[in-house]
Amino acid sequence: MSHERYYELSIAAARQQGFLTRAQLARLGVDDGELDRLREAGLLTELDDGVYQHAASSVALRYGYSYAAWLALAPDRFRWERPQTATDDAVLSHESAARLLGLGALAVPRTIFTAPAELPAPRATIIHVERLAAADVTVVEGIPVTTPFRTILDLMRGFTDHDDFGRALHVAVRRDLVDLQEVYDAMLPLAPAHSFPTAGPDFVAYFLPDLDPSGLTPRNLRAYAELTAADSVAEAQSRVAVLLAELRYPTGAQHSADDGLSRQIAAEIVGRLRRSR
């Protein structure tokens, strides 16, 4: 192989996180014999069926396998030839997204994607057809992947075992990757089909029995308090509202309650008190 051709394939690989497909290599003029020699020399390593990682790539295997699977969905096209808007292309999702995002190693033998249209599914790949909203997609190490919030909801919609789901939710809440209150609100319509409790205290006890409020960020501490001790939050809010009014209008001339602010303060107070137990 000429130095010029190796340089060209190295540049192409660098633009794709250090990966190339067999079809892309053929477009660069690399025949099967040259590919075999590159593999024997340790310059290319096959990670997926017909997808290779360049020796200069520094992408960890945790991300490399997912990226290779994504390239394999359109092996004849380079990354820059595929849709530049993530929602117009396949996005890693469900258990595969949870694994990539560090939400737990949920057992699934295939790589799962969500795409806006039908695609040929390579070996060991599942493709769900749905157009995702821009807010549901992020990019990790060059891989389009559903956000933690969307991933959590997809796990429940996909009938993930409730214990596995609870562990993924626990990690997401503890790491502040999701807002517990938003997750709870979004999951309520799913309860009849998936048989889980909807009352706040029961929901937390069912999915998050080991959640320690002492490690929660303020927003999830407030959500925890709202879900597990709504009556205490309401009682504290009435007192906080009076205090806020006195601070804002010390002469008593006006009284304008700020329900949102007083509720947040009350929830955080209750959460902190529960955290200190």
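The following paragraphs examine the structure supplied in this document. Per chain, residues are indexed from 1 in the order of the written sequence. Only residues with pLDDT of at least 70 are given local features in this predicted model, and only at 80 or more are side-chain atom pairs given and counted; all residues enter the totals for whole chains, interfaces and linings. Where side-chain values are given, they derive from all heavy atoms of the structure, hydrogens and water being excluded.

**Remarks on the overall build of the chain**
Phase 1: Helix and strand assignments follow DSSP, with helices taken as H or I runs no shorter than four residues and strands as E runs no shorter than two, numbered in order from the N terminus. Check the secondary structure of the chain and you find 13 helices and eight strands.
Phase 2: Compactness check: the chain gives a C-alpha radius of gyration of 25 Å against a globular reference of 19 Å for 277 residues, more than 25% above the reference.
Phase 3: A simple rule labels every residue: compare its accessible area, found with a 1.4 Å probe on the protein chains alone, to the largest value its type can have, and call it buried under 20%, exposed over 50%, or partly exposed in between. Out of the 277 residues belonging to the chain, those deemed buried represent 45%.
Phase 4: The average position of the 28 basic charges and that of the 37 acidic charges among the side chains of the chain differ by 2 Å. All radius of gyration figures rest on C-alpha atoms, and the globule criterion is 2.2 Å times the number of residues raised to 0.38. Within this scheme the basic residues Lys and Arg register as positive and the acidic residues Asp and Glu register as negative, but His and the chain ends are omitted. For the purpose of locating charges, the reference atoms are NZ of Lys, CZ of Arg, CG of Asp and CD of Glu.

**Description of the packing of aromatic side chains**
Phase 1: In this analysis, rings of Phe, Tyr and Trp, with Trp reduced to its six-membered ring, are considered paired at centre separations within 6.5 Å, and the interplanar angle assigns stacked below 30 degrees, edge-to-face beyond 60, and tilted for intermediate values. Evaluation of the coordinates by the stated rule reveals nine aromatic pairs.
Phase 2: Seen from their ring centres, Tyr-67 and Trp-70 are 5.8 Å apart, and the 40° between their planes marks the pair as tilted. Pair noted here: Tyr-67 and Trp-70 are both in helix H4 (residues 61-71), with a separation of three residues, about one helical turn.
Phase 3: A residue is classified by how much of its surface remains accessible, and Tyr-67, at 1% relative accessible area, is buried.
Phase 4: Between Phe-78 and Trp-80, the aromatic rings sit 4.7 Å apart at their centres with planes inclined by 5°, giving stacked as the arrangement.
Phase 5: Using a relative accessible area of 5% as the deciding quantity, one classes Phe-78 as buried.
Phase 6: A connected cluster of aromatic rings, assembled from ring pairs, spans Phe-165, Tyr-184, Phe-196, Phe-203, Tyr-206 and Phe-207.
Phase 7: A ring is considered to have a charge above it if a Lys NZ or an Arg CZ atom is located within 6 Å of its centre and within 35 degrees of its normal. Sitting above the plane of the Trp-80 ring, Arg-15 keeps its charged end 3.8 Å from the centroid.
Phase 8: The lysine or arginine in question, Arg-82, covers the ring of Trp-70, its NZ or CZ lying 3.7 Å from the ring centre.

**Describing the packing of helix H8 (residues 180-187) against helix H11 (residues 218-228)**
Phase 1: Taken N-terminus to C-terminus, the directions of H8 and H11 make an angle of 45°; their axes are 8 Å apart at the nearest point. With respect to their mutual orientation, H8 and H11 come out oblique. Contacts from Leu-180, Gln-181 and Tyr-184 in H8 reach Asn-220, Ala-223, Tyr-224, Glu-226 and Leu-227 in H11.
Phase 2: Each residue is assigned to one of three groups, with Ala, Val, Leu, Ile, Met, Phe, Trp, Tyr, Cys and Pro labelled nonpolar, Asp, Glu, Lys and Arg labelled charged, and all others, Gly among them, labelled polar. Split by residue class, the contact of H8 with H11 holds five nonpolar, two polar and one charged. Every axis corresponds to a line fitted to the C-alpha atoms, with the helix fit spanning only the stretch in contact, and the corresponding angles, defined between N-to-C directions, vary from 0 to 180 degrees. Any angle that falls under 35 degrees is termed roughly parallel, while one over 145 is termed roughly antiparallel, one within 65 to 115 roughly perpendicular, and all others oblique. Should any heavy atoms of two residues lie within 4.5 Å, those residues are counted as being in contact.

Keep in mind these values describe shape, not function.
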